[in-house]
Amino acid sequence: MTTAPLPPFPPGFRWGVSTSAYQIEGATTADGRGPSIWDTFARDPGRIVDGSTGDEACDHYHRYAEDVGLLADLGVSAYRFSVAWPRVQPTGAGTANPAGLDFYDRLVDALLDAGVEPVATLFHWDLPQPLEDAGGWLHRDTAARFATYADLTAARLGDRVKLWITLNEPFVHMSLGHGTGTHAPGRALLFDAFPVAHHQLLGHGLAVAALRARTTSPVAIANNYSPVRLAGNSDADRAAGAAYDALHNRLFTDPLLGRGYPDGPGLDPGVVRDGDLDAIAAPIDVLGVNYYNPTGIRAPAQGSPLPFEIVPLAGYPRTAFDWPVAPDGLRDLLRWLRDTYGDALPPIQVTESGCAYDDVPDADGRVHDAERIAYLDGHVRAVREAIDAGVPVTGYFVWSLLDNWEWAEGFTKRFGLVHVDYATQRRTPKSSYAWFRDLVRR
Ligand code: FCB
């Protein structure tokens, strides 16, 4: 592990940690919350590896004050959480449920009292189930519904949230939720999932307009990116790499930054109506970048339904998720964004970066997660290198504050700076928490 001191970061650089509603809150029926697609999906036998649900998760809904205390002790300048749409609009439509918004009101005030800037994501995958029943993101009307929900939420919190993020990782919600069906809502449509890309992007654009009418705080979107590493150098491999790049890295960024959709197999924009691309390209103030790992790609076998094949990358250490640890991928990605989008690129904040390891408390109850420290150290250095190369990066958020409910992996993957014993809900800061606190202090 690297031990050289980290070089200083520009003044005002935002250090934070991230979470999302369904992964930590629990209390899924409290105060009028309606069901979301993840409540439904987690109950479908065989979908979640350990058969668990987010019914209790980290019980953050009741323990938020303790968790804000952990943030204050950590000394971060910002905390990125998500608002659960089914708390605000239990059926996905109609007037706001005040009791649902009350929770975020209390959370935001507690954060401000603790000197931590609230950063709110409006959609981190927990669509109200009634909207899914009406077609979900395959259905154009969901985009308009999302803008209404954004308006209702900003009407209540717009005076205090310091950065708004419309969508979290629309690529992952499209591909895993609607392409392969490994996430909620569990649809396996492959490229027929494309309308989900367009309707999320349209919802983003309409929500940006709704937010602008309610707040002067900056507005962003958080995209997932994964640089392509070719596992061969034939023309067919290169074509496969370009196809994957278009799907994962450009489908959700080209139209946001005013370029329309990239050409590529399966991206036939039949659902795009006049005016949509202008709405999607509404200026944003920050581009959120979620980065975990690069993707190995080669040409597909004959007869494959996909224009690429994903292959494991050799030669990297791996996390408990079996994801390769490749900080150079983050540096390359940040440079690629700058080189590709040039002046159209707004300042970047890394809105998620982190890793899962099998953290077990020792006999004294301490969790020594040296691998996580090494991971974060490498990725923070990669950001620093990108800044030195002229990329405008203004923040870095660790995923995650707490161990939490990791979607289809249930409770089996721990990403937190803070260990959670799910039987007792006891929080234990890991060594990485102390390491990050020291970094933030410096
Ligand atoms: C990201 C998600 C986040 C978490 C991390 C590990 O794709 O946005 O909720 O699951 O992966």
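Anything mentioned here points back to the structure above.
In this report, we go over the structure that sits alongside the text. Please read all numbers here as calculations on a predicted model, not as lab measurements.

By the definition in use, this model includes 37 salt bridges. Here arginine 229 and aspartate 332 are joined by a salt bridge, their closest N and O atoms 3.1 Å apart. Note that arginine 229 is positioned in strand β6 (residues 228-230) and aspartate 332 in helix α12 (residues 327-341), a separation of 103 residues in sequence. With a relative accessible area of 25%, aspartate 332 lands in the partly exposed category. With its nearest N and O atoms 3.9 Å apart, the salt bridge here joins aspartate 364 to arginine 366. Linked by salt bridges that have partners in common, Asp102, Asp105, Asp109, Arg156, Asp159 and Arg160 make up one network.

Let us now look at the sheet that holds strand β8 (residues 295-298). As summarised here, the arrangement of the three strands in space is β6-β8-β9, forming an open sheet in which the pairing is mixed. Of all strands in the sheet, those with a lone pairing partner are β6 and β9 (309-311), marking the two edges. Ignoring which end each strand starts from, the neighbouring axes of this sheet average 45° apart. Across three bridges, the pairing between β8 and β9 is antiparallel. Considered in β9, the bridge of glycine 296 is made with valine 311. Contacting β6, β8 and β9, helix α10 (residues 235-250) crosses the sheet at an angle of about 170° to β6.

Analysis parameters
- Residues numbered from 1 in each chain as written.
- Predicted model: local features only at pLDDT ≥ 70, side-chain atom pairs only at ≥ 80, totals over all residues.
- Heavy atoms only, no water.
- Salt bridge = Lys/Arg side-chain N within 4 Å of Asp/Glu carboxyl O.
- Helix = DSSP H or I, 4+ residues; strand = E, 2+ residues; numbered from the N terminus.
- Buried < 20%, exposed > 50% of the residue type's maximum accessible area, 1.4 Å probe, protein only.
- Pairing = 2+ DSSP bridges.
- Axes fitted to C-alpha atoms, helices over the stretch in contact; angles between N-to-C directions.
- Contact = heavy atoms within 4.5 Å.

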